[in-house]
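Below, each chain spelled out in residue letters.
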Amino acid sequence: MNQHEHFDALLRSESPFLALAPMQDVTDAAFWKLMHRYGGADVYWTEYFRVHAVSRPEKWILESIEQNSTGRPVIAQMIGNDIPSLVRTAKELQQLPVAAIDLNLGCPAPIVYKKCAGGGLLREPQRIDSILGALRDAVSLKFTVKTRVGFASPAEFDALLPIFAKHSIDLLTVHARTVSQMYRLPVHYDLIRQAAETMKCPVCANGHVYSADQALDVLAQTKARGLMIGRGVIRSPWLFNQIRQRLRGEAVTFPTGREVIAYIEALWESQATFDAPEKIQCERMKKFMNYLGEGVAAPFLHQIRRSQSRAEFFQICRAFLDHDQPMKLESPANTPGE
Ligand SMILES: Cc1cc2nc3c(=O)[nH]c(=O)nc-3n(C[C@H](O)[C@H](O)[C@H](O)COP(=O)(O)O)c2cc1C
(Lines give C-alpha, C1' and ligand atoms only; values in the text may rest on other atoms or scores of the structure.)
Protein backbone atom coordinates (compact mmCIF):
# COMPACT_ATOMS: atom_id res chain seq x y z
CA MET A 1 0.00 0.00 0.00
CA ASN A 2 1.47 3.40 -0.90
CA GLN A 3 1.11 6.44 1.39
CA HIS A 4 -1.90 7.72 -0.48
CA GLU A 5 -3.78 4.41 -0.23
CA HIS A 6 -2.73 4.05 3.40
CA PHE A 7 -4.12 7.49 4.31
CA ASP A 8 -7.24 6.87 2.26
CA ALA A 9 -7.84 3.63 4.20
CA LEU A 10 -7.45 5.50 7.51
CA LEU A 11 -10.00 8.11 6.47
CA ARG A 12 -12.48 5.39 5.53
CA SER A 13 -11.84 3.14 8.51
CA GLU A 14 -14.61 2.42 10.98
CA SER A 15 -12.25 2.82 13.94
CA PRO A 16 -10.88 6.29 14.67
CA PHE A 17 -7.41 7.15 13.40
CA LEU A 18 -4.78 8.74 15.65
CA ALA A 19 -2.57 11.56 14.39
CA LEU A 20 0.54 13.18 15.82
CA ALA A 21 0.04 16.96 15.69
CA PRO A 22 2.57 19.09 13.83
CA MET A 23 4.84 20.89 16.31
CA GLN A 24 7.56 23.30 15.27
CA ASP A 25 10.99 22.24 16.40
CA VAL A 26 9.65 18.94 17.79
CA THR A 27 8.09 16.71 15.14
CA ASP A 28 11.05 15.77 12.97
CA ALA A 29 11.92 12.26 11.70
CA ALA A 30 13.87 11.44 14.89
CA PHE A 31 10.86 12.30 17.06
CA TRP A 32 8.48 10.36 14.80
CA LYS A 33 10.81 7.33 14.99
CA LEU A 34 10.83 7.54 18.77
CA MET A 35 7.02 7.79 18.92
CA HIS A 36 6.79 4.79 16.58
CA ARG A 37 8.80 2.68 19.06
CA TYR A 38 5.93 3.20 21.52
CA GLY A 39 3.23 2.32 19.00
CA GLY A 40 3.07 5.74 17.43
CA ALA A 41 0.40 7.54 15.47
CA ASP A 42 -1.43 6.29 12.40
CA VAL A 43 -0.45 9.44 10.49
CA TYR A 44 2.16 12.18 10.98
CA TRP A 45 2.12 15.89 10.04
CA THR A 46 5.31 17.81 9.25
CA GLU A 47 6.08 21.16 10.84
CA TYR A 48 4.87 23.89 8.50
CA PHE A 49 6.81 24.97 5.44
CA ARG A 50 6.84 28.79 5.40
CA VAL A 51 5.62 29.85 1.96
CA HIS A 52 6.09 33.28 0.36
CA ALA A 53 7.23 34.77 -2.95
CA VAL A 54 10.88 33.74 -2.64
CA SER A 55 10.55 30.77 -0.28
CA ARG A 56 12.13 27.38 -0.89
CA PRO A 57 10.91 24.36 1.13
CA GLU A 58 13.00 24.25 4.31
CA LYS A 59 15.74 21.64 4.07
CA TRP A 60 15.23 20.27 7.57
CA ILE A 61 11.51 19.68 7.00
CA LEU A 62 12.23 17.97 3.66
CA GLU A 63 14.64 15.74 5.57
CA SER A 64 11.89 14.68 7.96
CA ILE A 65 9.84 13.51 4.95
CA GLU A 66 12.79 11.73 3.34
CA GLN A 67 13.87 10.07 6.59
CA ASN A 68 10.40 8.98 7.74
CA SER A 69 10.95 5.47 9.04
CA THR A 70 7.54 4.93 10.63
CA GLY A 71 5.98 3.22 7.62
CA ARG A 72 2.95 5.45 8.23
CA PRO A 73 1.69 8.25 5.98
CA VAL A 74 3.08 11.78 6.30
CA ILE A 75 1.23 15.00 5.52
CA ALA A 76 3.20 18.05 4.42
CA GLN A 77 1.91 21.25 5.99
CA MET A 78 2.28 24.74 4.51
CA ILE A 79 1.66 28.17 6.00
CA GLY A 80 1.29 31.36 3.95
CA ASN A 81 -1.20 33.47 2.03
CA ASP A 82 0.34 34.17 -1.38
CA ILE A 83 -1.63 32.01 -3.80
CA PRO A 84 0.98 31.57 -6.59
CA SER A 85 3.62 30.66 -3.99
CA LEU A 86 1.33 28.21 -2.19
CA VAL A 87 0.42 26.56 -5.50
CA ARG A 88 4.07 26.36 -6.57
CA THR A 89 5.09 24.84 -3.22
CA ALA A 90 2.17 22.40 -3.08
CA LYS A 91 3.06 21.13 -6.57
CA GLU A 92 6.64 20.64 -5.48
CA LEU A 93 5.79 18.95 -2.17
CA GLN A 94 3.35 16.54 -3.73
CA GLN A 95 6.23 14.99 -5.71
CA LEU A 96 7.66 13.75 -2.39
CA PRO A 97 6.62 10.63 -0.45
CA VAL A 98 3.66 12.30 1.27
CA ALA A 99 0.00 11.35 1.50
CA ALA A 100 -1.47 14.85 1.45
CA ILE A 101 -0.82 18.57 1.46
CA ASP A 102 -2.19 20.51 4.44
CA LEU A 103 -2.82 24.22 4.94
CA ASN A 104 -2.27 25.76 8.38
CA LEU A 105 -5.06 28.13 9.44
CA GLY A 106 -4.28 28.12 13.13
CA CYS A 107 -0.82 29.36 14.08
CA PRO A 108 -1.36 31.94 16.87
CA ALA A 109 2.18 33.39 16.92
CA PRO A 110 1.84 37.18 16.49
CA ILE A 111 4.72 37.25 13.99
CA VAL A 112 2.67 34.88 11.80
CA TYR A 113 -0.89 36.12 12.27
CA LYS A 114 0.04 39.80 11.90
CA LYS A 115 1.20 38.94 8.37
CA CYS A 116 -2.23 37.42 7.80
CA ALA A 117 -0.98 33.86 7.63
CA GLY A 118 -1.85 30.84 9.79
CA GLY A 119 -4.50 31.88 12.32
CA GLY A 120 -4.41 35.44 10.91
CA LEU A 121 -6.25 34.28 7.80
CA LEU A 122 -9.31 33.42 9.90
CA ARG A 123 -10.01 37.19 9.98
CA GLU A 124 -10.37 37.13 6.19
CA PRO A 125 -12.72 34.31 5.17
CA GLN A 126 -12.92 35.51 1.54
CA ARG A 127 -9.19 35.16 1.22
CA ILE A 128 -9.39 31.63 2.62
CA ASP A 129 -12.01 30.91 -0.01
CA SER A 130 -9.65 31.95 -2.83
CA ILE A 131 -6.69 30.07 -1.37
CA LEU A 132 -8.65 26.85 -0.90
CA GLY A 133 -10.03 27.07 -4.44
CA ALA A 134 -6.57 27.50 -5.95
CA LEU A 135 -4.98 24.79 -3.83
CA ARG A 136 -7.79 22.30 -4.45
CA ASP A 137 -7.21 22.75 -8.20
CA ALA A 138 -3.44 22.40 -7.83
CA VAL A 139 -3.22 19.45 -5.45
CA SER A 140 -3.68 16.06 -7.05
CA LEU A 141 -3.07 14.23 -3.76
CA LYS A 142 -5.42 14.62 -0.85
CA PHE A 143 -5.74 18.23 0.33
CA THR A 144 -6.41 18.87 4.00
CA VAL A 145 -6.88 21.90 6.26
CA LYS A 146 -5.97 22.39 9.92
CA THR A 147 -7.86 25.26 11.50
CA ARG A 148 -8.77 26.93 14.77
CA VAL A 149 -12.42 27.87 15.32
CA GLY A 150 -12.05 31.61 14.81
CA PHE A 151 -9.69 34.49 15.41
CA ALA A 152 -11.29 36.40 18.29
CA SER A 153 -14.52 34.50 18.94
CA PRO A 154 -15.78 30.93 18.49
CA ALA A 155 -18.91 32.48 16.93
CA GLU A 156 -16.82 33.05 13.79
CA PHE A 157 -16.83 29.30 13.09
CA ASP A 158 -20.36 29.51 11.61
CA ALA A 159 -19.04 31.65 8.76
CA LEU A 160 -15.88 29.60 8.24
CA LEU A 161 -17.50 26.18 7.95
CA PRO A 162 -19.40 26.85 4.68
CA ILE A 163 -16.11 27.96 3.10
CA PHE A 164 -14.38 24.74 4.15
CA ALA A 165 -17.42 22.78 2.94
CA LYS A 166 -17.39 24.50 -0.47
CA HIS A 167 -13.97 23.19 -1.53
CA SER A 168 -14.09 19.37 -1.43
CA ILE A 169 -11.17 19.11 0.95
CA ASP A 170 -10.31 15.60 2.14
CA LEU A 171 -9.96 16.21 5.89
CA LEU A 172 -10.62 19.12 8.24
CA THR A 173 -8.65 19.09 11.48
CA VAL A 174 -10.19 21.39 14.09
CA HIS A 175 -8.10 22.65 17.00
CA ALA A 176 -11.14 23.93 18.83
CA ARG A 177 -9.74 27.12 20.29
CA THR A 178 -9.66 30.63 18.84
CA VAL A 179 -6.36 32.23 17.87
CA SER A 180 -6.73 34.80 20.70
CA GLN A 181 -7.13 31.96 23.18
CA MET A 182 -3.64 30.67 22.32
CA TYR A 183 -3.50 27.48 24.43
CA ARG A 184 -5.91 28.49 27.21
CA LEU A 185 -9.01 26.50 28.09
CA PRO A 186 -11.80 25.84 27.24
CA VAL A 187 -11.56 23.76 24.10
CA HIS A 188 -14.85 24.13 22.17
CA TYR A 189 -15.48 20.45 21.42
CA ASP A 190 -19.09 21.27 20.52
CA LEU A 191 -17.79 23.12 17.46
CA ILE A 192 -15.83 20.05 16.34
CA ARG A 193 -19.11 18.16 16.48
CA GLN A 194 -20.76 20.91 14.45
CA ALA A 195 -18.02 20.46 11.83
CA ALA A 196 -18.40 16.67 11.87
CA GLU A 197 -22.14 17.03 11.32
CA THR A 198 -21.79 19.68 8.61
CA MET A 199 -18.79 18.66 6.53
CA LYS A 200 -18.92 15.98 3.86
CA CYS A 201 -15.26 15.13 4.50
CA PRO A 202 -13.96 13.47 7.69
CA VAL A 203 -13.13 15.71 10.64
CA CYS A 204 -10.21 15.24 13.01
CA ALA A 205 -10.56 16.55 16.58
CA ASN A 206 -7.66 18.31 18.28
CA GLY A 207 -6.99 20.02 21.59
CA HIS A 208 -5.96 19.17 25.13
CA VAL A 209 -6.12 15.37 25.24
CA TYR A 210 -3.89 13.88 27.95
CA SER A 211 -5.41 10.48 28.71
CA ALA A 212 -7.12 7.55 27.03
CA ASP A 213 -10.35 8.29 28.92
CA GLN A 214 -10.32 11.87 27.72
CA ALA A 215 -9.59 10.68 24.15
CA LEU A 216 -12.65 8.43 24.14
CA ASP A 217 -14.78 11.21 25.62
CA VAL A 218 -13.66 13.65 22.93
CA LEU A 219 -14.29 11.13 20.15
CA ALA A 220 -17.76 10.40 21.51
CA GLN A 221 -18.59 14.06 22.10
CA THR A 222 -17.36 15.32 18.74
CA LYS A 223 -18.21 12.36 16.48
CA ALA A 224 -14.88 13.05 14.78
CA ARG A 225 -13.31 10.39 12.53
CA GLY A 226 -9.86 10.92 14.00
CA LEU A 227 -8.02 12.40 16.94
CA MET A 228 -4.88 14.52 16.71
CA ILE A 229 -2.65 14.84 19.78
CA GLY A 230 0.37 17.07 20.32
CA ARG A 231 1.63 17.92 23.79
CA GLY A 232 -0.04 14.89 25.39
CA VAL A 233 2.27 12.50 23.53
CA ILE A 234 5.41 14.50 24.22
CA ARG A 235 4.45 13.93 27.83
CA SER A 236 3.50 10.30 27.31
CA PRO A 237 4.36 8.43 24.09
CA TRP A 238 2.36 5.53 25.59
CA LEU A 239 -0.83 7.52 25.05
CA PHE A 240 -1.54 6.37 21.48
CA ASN A 241 -1.40 2.69 22.50
CA GLN A 242 -3.39 3.38 25.68
CA ILE A 243 -6.13 4.89 23.50
CA ARG A 244 -6.01 1.78 21.28
CA GLN A 245 -6.35 -0.39 24.41
CA ARG A 246 -9.43 1.58 25.49
CA LEU A 247 -10.93 1.40 21.99
CA ARG A 248 -10.54 -2.40 22.12
CA GLY A 249 -12.21 -2.40 25.54
CA GLU A 250 -9.02 -3.55 27.30
CA ALA A 251 -7.56 -2.26 30.56
CA VAL A 252 -5.04 0.54 30.08
CA THR A 253 -1.44 -0.22 31.05
CA PHE A 254 0.77 2.52 32.46
CA PRO A 255 4.58 2.83 32.30
CA THR A 256 6.65 2.42 35.45
CA GLY A 257 8.93 5.19 36.67
CA ARG A 258 11.94 3.33 35.22
CA GLU A 259 10.21 3.09 31.83
CA VAL A 260 9.70 6.84 31.96
CA ILE A 261 13.46 7.26 32.59
CA ALA A 262 14.13 5.01 29.57
CA TYR A 263 11.87 7.28 27.46
CA ILE A 264 13.72 10.38 28.65
CA GLU A 265 17.06 8.70 27.79
CA ALA A 266 15.76 7.79 24.34
CA LEU A 267 14.51 11.35 23.88
CA TRP A 268 17.95 12.68 24.82
CA GLU A 269 19.60 10.34 22.28
CA SER A 270 17.07 11.24 19.58
CA GLN A 271 17.80 14.94 20.08
CA ALA A 272 21.57 14.58 20.43
CA THR A 273 23.71 16.14 17.75
CA PHE A 274 27.24 14.87 18.23
CA ASP A 275 28.89 18.28 18.01
CA ALA A 276 26.47 20.13 20.34
CA PRO A 277 27.87 20.96 23.78
CA GLU A 278 26.22 19.09 26.66
CA LYS A 279 24.80 22.31 28.10
CA ILE A 280 22.99 23.04 24.81
CA GLN A 281 21.60 19.47 24.79
CA CYS A 282 20.42 19.99 28.31
CA GLU A 283 18.64 23.23 27.31
CA ARG A 284 16.97 21.48 24.37
CA MET A 285 15.75 18.68 26.64
CA LYS A 286 14.22 21.20 29.04
CA LYS A 287 11.79 22.20 26.28
CA PHE A 288 10.48 18.62 26.13
CA MET A 289 10.56 18.31 29.90
CA ASN A 290 8.19 21.28 30.22
CA TYR A 291 5.55 18.95 28.82
CA LEU A 292 6.63 15.78 30.60
CA GLY A 293 7.54 17.30 33.95
CA GLU A 294 4.01 18.36 34.89
CA GLY A 295 2.98 14.71 34.62
CA VAL A 296 5.70 13.71 37.10
CA ALA A 297 5.72 16.32 39.89
CA ALA A 298 6.14 20.09 40.20
CA PRO A 299 9.45 19.85 42.16
CA PHE A 300 10.83 17.54 39.44
CA LEU A 301 10.31 20.18 36.76
CA HIS A 302 11.65 22.88 39.07
CA GLN A 303 14.92 20.97 39.54
CA ILE A 304 15.23 19.87 35.91
CA ARG A 305 14.98 23.51 34.78
CA ARG A 306 18.08 24.26 36.84
CA SER A 307 20.20 21.35 35.61
CA GLN A 308 23.36 22.19 33.66
CA SER A 309 24.83 18.83 32.63
CA ARG A 310 23.74 15.37 31.50
CA ALA A 311 24.88 13.84 34.80
CA GLU A 312 22.89 16.35 36.84
CA PHE A 313 19.85 16.03 34.56
CA PHE A 314 19.65 12.22 34.90
CA GLN A 315 20.45 12.30 38.61
CA ILE A 316 17.24 14.33 39.04
CA CYS A 317 15.34 11.90 36.80
CA ARG A 318 16.52 8.97 38.96
CA ALA A 319 15.64 10.76 42.19
CA PHE A 320 12.00 11.01 41.09
CA LEU A 321 11.55 8.06 38.73
CA ASP A 322 13.81 5.17 39.75
CA HIS A 323 10.88 2.94 40.79
CA ASP A 324 8.49 0.31 39.44
CA GLN A 325 5.23 2.06 40.27
CA PRO A 326 2.87 2.69 37.35
CA MET A 327 2.69 6.34 36.32
CA LYS A 328 -0.41 7.95 34.83
CA LEU A 329 1.51 11.07 33.75
CA GLU A 330 -1.72 13.04 33.95
CA SER A 331 -1.90 16.54 35.30
CA PRO A 332 -4.03 18.48 32.85
CA ALA A 333 -5.08 20.96 35.52
CA ASN A 334 -1.91 22.92 35.02
CA THR A 335 -0.57 22.17 31.59
CA PRO A 336 2.30 24.23 30.19
CA GLY A 337 1.01 26.86 27.80
CA GLU A 338 -2.54 26.66 29.11
C1 LIG B 1 5.57 23.57 20.34
C2 LIG B 1 4.37 23.58 19.43
C3 LIG B 1 4.55 23.77 18.07
C4 LIG B 1 3.46 23.75 17.19
N5 LIG B 1 3.66 23.86 15.83
C6 LIG B 1 2.60 23.73 14.97
C7 LIG B 1 2.77 23.68 13.54
O8 LIG B 1 3.88 23.75 12.99
N9 LIG B 1 1.66 23.56 12.77
C10 LIG B 1 0.40 23.44 13.31
O11 LIG B 1 -0.58 23.31 12.58
N12 LIG B 1 0.21 23.48 14.65
C13 LIG B 1 1.28 23.58 15.48
N14 LIG B 1 1.07 23.52 16.84
C15 LIG B 1 -0.29 23.27 17.36
C16 LIG B 1 -0.51 21.74 17.53
O17 LIG B 1 -0.43 21.07 16.30
C18 LIG B 1 -1.88 21.46 18.18
O19 LIG B 1 -2.88 21.97 17.33
C20 LIG B 1 -2.02 22.10 19.56
O21 LIG B 1 -0.86 21.87 20.35
C22 LIG B 1 -3.24 21.54 20.31
O23 LIG B 1 -3.12 20.15 20.48
P24 LIG B 1 -2.64 19.49 21.88
O25 LIG B 1 -3.49 20.11 22.97
O26 LIG B 1 -2.88 18.01 21.71
O27 LIG B 1 -1.19 19.83 22.06
C28 LIG B 1 2.15 23.56 17.71
C29 LIG B 1 1.98 23.40 19.09
C30 LIG B 1 3.06 23.38 19.95
C31 LIG B 1 2.83 23.15 21.43
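Above this note sits the structure.
Predicted model, so just to flag it, every value in this text is computed and none were measured.

A few points about the overall build of the protein chain
Part 1 of the argument: Across its full length, the protein chain holds 15 helices and eight strands.
Part 2 of the argument: Across its three principal axes, the protein chain shows a C-alpha extent of roughly 55 × 45 × 40 Å.
Part 3 of the argument: Per-residue burial over the protein chain gives 46% buried out of 338 residues.
Part 4 of the argument: Considering only contacts within the protein chain whose residues lie at least 6 apart along the sequence, 73% involve residues at least 24 apart.

Topic: the site of the ligand
Part 1 of the argument: Taken together, 20 residues lie around the ligand, and Ala21, Pro22, Met23, Gly230 and Arg231 are the ones closest in.
Part 2 of the argument: If you list the elements that add at least two residues to the shell around the ligand, you get β2 (43–50) and α10 (231–235).
Part 3 of the argument: Classifying every residue of the shell around the ligand by side-chain character gives seven nonpolar, 10 polar and three charged.

A word on the sheet that holds strand β5 (residues 142–148)
Part 1 of the argument: As summarised here, the arrangement of the eight strands in space is β1-β2-β3-β4-β5-β6-β7-β8, forming a closed barrel in which the pairing is parallel. Put simply, the sheet's adjacent strands are angled 25° from each other on average, direction ignored.
Part 2 of the argument: Pairing of β2 with strand β3 (residues 74–79), which is carried by five bridges, proceeds in the parallel orientation. Bridge assignment links Tyr44 to a residue of β3, and that residue is Val74.
Part 3 of the argument: Packing against the sheet, helix α1 (residues 3–12) makes contact with β1 (17–20), β2, β3, β4 (100–105), β5 and β6 (171–175), and its axis sits at approximately 115° to β2.

Quick notes on the nonpolar core
Soluble globular proteins: nonpolar side chains tend toward being buried together.
Part 1 of the argument: The biggest cluster of nonpolar side chains holds 97 residues, and the ones touching the most others in it are Ala19, Leu20 and Leu227.
Part 2 of the argument: When residues of this core are assigned to domains, at least three fall in each of domain 1 (3–247) and domain 2 (257–321).

With respect to the environment of Ile101
Part 1 of the argument: Relative to the helices and strands, Ile101 resides in strand β4.
Part 2 of the argument: In this structure Ile101 comes out as buried when scored by C-beta crowding, with 26 C-beta atoms within 10 Å.
Part 3 of the argument: It is 7.4 Å that separates the C-alpha atoms of Ile101 and Val139, two residues lying 38 residues apart in sequence.
Part 4 of the argument: Filtering out sequence-adjacent residues up to four positions away, Ile101 remains in contact with Ala76, Met78, Ala90, Leu93, Gln94, Val139, Leu141 and Phe143.

Let's talk about the packing of helix α12 (residues 257–271) against helix α15 (residues 310–321)
Part 1 of the argument: One way to put it is that α12 packs onto α15 with a least axis distance of 9 Å and a crossing angle of 160°. As the angle between them shows, α12 and α15 are arranged roughly antiparallel. Where α12 crosses over α15, the handedness of that crossing is right-handed. Contacts between α12 and α15 involve Gly257, Arg258, Val260, Ile261 and Ile264 on the former and, on the latter, Cys317, Arg318 and Leu321.
Part 2 of the argument: Residues belonging to the contact of α12 with α15 are distributed by class as follows: five nonpolar, one polar and two charged.

What counts and what doesn't
Residues numbered from 1 in each chain as written. Predicted model: local features only at pLDDT ≥ 70, side-chain atom pairs only at ≥ 80, totals over all residues. Helix = DSSP H or I, 4+ residues; strand = E, 2+ residues; numbered from the N terminus. Buried ≥ 20, exposed ≤ 12 C-beta atoms within 10 Å, placed from the backbone. Contact = placed C-beta atoms within 7 Å. Near = placed C-beta within 6 Å. Nonpolar A, V, L, I, M, F, W, Y, C, P; charged D, E, K, R; others polar. Pairing = 2+ DSSP bridges. Axes fitted to C-alpha atoms, helices over the stretch in contact; angles between N-to-C directions. Core = buried A, V, L, I, M, F, W, Y, C linked by C-beta atoms within 7 Å. Domains from an automatic or database assignment. Parallel < 35°, antiparallel > 145°, perpendicular 65-115°, else oblique. Left-handed = near helix turned anticlockwise from the far one by under 90°.

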